[in-house]
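# Results of the structural survey
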Amino acid sequence: MRKLNYQEVNDILTGCTILGTGGGGSLQSGMEAVEKEFNNGKEFRLLEFDEIEDEAWFANPYFCGSIMPEGQEVEITGEEIPAAVTALEEHMGITFDGLVSIEYGGGNTGEAMAAAAHLGKYMVDADAAGRAVPELQFSTYYVTEQPITPFSVTTQYGDVVIVKQVESDARAEALSRFMAVGSDNLVGMADHPIRGRELKHSVVPSALTYAEKVGKARRQACQEGRDPVAAILDAAEGMLLFEGIVTGETAWEIKDGFTLGDIYLQGQGNFKNSLGRVWYKNENMVFWIDEEVKLTCPDLICIVEKKTGMPVTNPNCNEGMELCVLGFKCHELWRRDRGMDILNPRFFGFDMDCRFLED
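What comes next is a walk through the structure. None of these values were measured; they are calculated from a predicted model. (Residues numbered from 1 in each chain as written. Predicted model: local features only at pLDDT ≥ 70, side-chain atom pairs only at ≥ 80, totals over all residues. Heavy atoms only, no water.)

## Quick word on helix 8 (residues 207-223)
Selection criterion: Secondary structure counts use DSSP, requiring at least four H or I residues in a row for a helix and at least two E residues in a row for a strand, with both numbered from the N terminus. To estimate how far a helix should extend, the number of its residues minus one is multiplied by 1.5 Å.
Taking 1.5 Å per residue, 17 residues should reach 24 Å; helix 8 reaches 25 Å between its end C-alpha atoms and fits that length. Among the residues trailing helix 8, Gly 225 stands out with phi positive, at a value near 75°.

## Notes on the environment of Val 286
Relative to the helices and strands, Val 286 resides in strand 14 (residues 283-289). Residues Val 286 and Pro 298, spaced twelve residues apart in sequence, show a C-alpha to C-alpha distance of 9.5 Å.

## Comments concerning unusual backbone geometry
In this structure, Pro 298 follows Cys 297 across a cis peptide bond, with omega equal to 10°. Omega for the bond connecting Asn 314 with Pro 315 falls within 30 degrees of zero, at 0°, which places this linkage in the cis form. For Glu 237, which is not glycine, the phi dihedral falls at a positive 55°. By the secondary structure assignment, Glu 237 is in the loop between helix 9 (228-236) and strand 10 (239-246).

## Points about the pairing of strand 12 (residues 258-267)
Quick reminder of the rule: Partly exposed describes any residue whose relative accessible area lies between the buried limit of under 20% and the exposed limit of over 50%, with all areas from a 1.4 Å probe on protein chains only and scaled to the type maximum. The pairing criterion for strands is at least two bridges between them, as found by DSSP.
The buried fraction of strand 12 is high, at nine of ten residues. Looking at chain direction, strand 10 and strand 12 are connected through three bridges and run antiparallel. Residue pairing across strands places Gly 244 opposite Gly 267, the latter belonging to strand 12. The turn joining strand 11 (residues 251-255) and strand 12, which pair antiparallel and follow one another in sequence, is formed by two residues; a positive phi near 55° is taken by Asp 256. Two strands pair when backbone bridges link them, and strand 12 and strand 13 (residues 275-281) are joined in this way by seven bridges, in the antiparallel orientation. Within strand 13, the residue paired with Tyr 264 across the bridge is Arg 277.

## As for the nonpolar core
It is characteristic of soluble globular proteins that their nonpolar side chains tend to be buried jointly. What counts here: Joining through side-chain atoms within 4.5 Å is the link that ties buried Ala, Val, Leu, Ile, Met, Phe, Trp, Tyr and Cys residues into a set, and such a set is a nonpolar core. Note on contacts: a residue pair qualifies if any of its non-hydrogen atoms lie within 4.5 Å across the two residues.
Ranked by internal contacts, the top residues of the largest apolar core, which has 67 residues, are Met 113 and Phe 328. Setting aside chain neighbours within four positions, we find Phe 328 in contact with Leu 19, Ile 232, Leu 233, Ala 236, Glu 237, Gly 238, Asp 299, Leu 300, Cys 302 and Leu 357. Val 124, Phe 151, Val 166 and Ile 194 belong to the second largest nonpolar core, which has 26 residues in total.

## Here's the deal with the pattern of salt bridges
To keep things clear, this is the line we draw: The salt bridge definition used is simple: a Lys or Arg side-chain nitrogen within 4 Å of an Asp or Glu carboxyl oxygen.
Evaluation of the coordinates by the stated rule reveals 20 salt bridges. Note that Arg 2 is salt-bridged to Glu 8, the shortest N-O span being 3.3 Å. Residue classification places Arg 2 among the partly exposed positions, given a relative accessible area of 26%. Through salt bridges with shared partners, a single ionic network connects Glu 55, Arg 195, Arg 197 and Glu 198.

## Re the pairing of strand 3 (residues 57-65)
The buried fraction of strand 3 amounts to nine of the nine residues, a majority that puts the element mostly inside the structure. For strand 3 and strand 8 (residues 186-195), the ladder comprises eight bridges, and the chain directions are antiparallel. In the strand pairing of strand 8, Cys 64 is matched with Val 187. Pairing of strand 3 with strand 4 (residues 98-101), which is carried by two bridges, proceeds in the parallel orientation. Directly across from Ala 59, in strand 4, lies its bridge partner Leu 99.

Encoded structure:
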């Protein structure tokens, strides 16, 4: 177990946002949540993966909804996530030893870490996606066939719902998304209550330490006057896919509780005279150069500022911004047949197979 200081948490959440494929919530909101707990004297305790006890109980708290531009986010009380965890504990008659990040992202990982500190629980050094994802069935729990139920849903209005059973994870997605649409496009959730012995085989191990390495590399490169994008790629063994300026064709919309959009980039440097395009459903799913598919989910398509290496979440890629598109390999759980059957471009309506970084 490691007690985290403020800088370490900041590096973790920055790394989670970089690797969050354009989603996972706002880094600013995540940092505001953890700052509140630091200011209240709470401890942030990171449970290393090999410290997970077989009989201990764990759960995954997060926000479910669409992504809004900075400055237009939904007002929350700050109690939605802790309330969801407590409601699930009360329903099951147990106490969770620790909480697990459901996906990478400054917002969702930050809120989970803040909830763990607020409730005096461990934050597990793991993640249930190794990227950010738009729907509940896109998790390594679903790949490894771990049940999502029972789960709790809370709103900023004080509503608390316990879902005891669902037909499938896709059905859980439909139900929770419907509640989000009726609650200003955002609800708090806690799901996948799980024993430690099953958790060890169902999530991406040491995921927060990995994200911390990426966030720290970016920060130190900026402090030392080095290229932060190169530092990120080196730390995470990624690839520069494109660099360019956001064009006026870039647009987005909210539909059925999701943020859908395209990001168009006019190439710079080695990509001069080419046009890059990223399509996202909350998160980046397909990337093209001059209409040729270069990378798809489940691998990671990530966007950062060219000069600072800071992540840019959807839909905050605005005309005139100089950005870099980065590619990273997904965790091996997604490379299994079941993983590729679950998260692939055909699910989003594209007539194409998965295209991986090594391709």
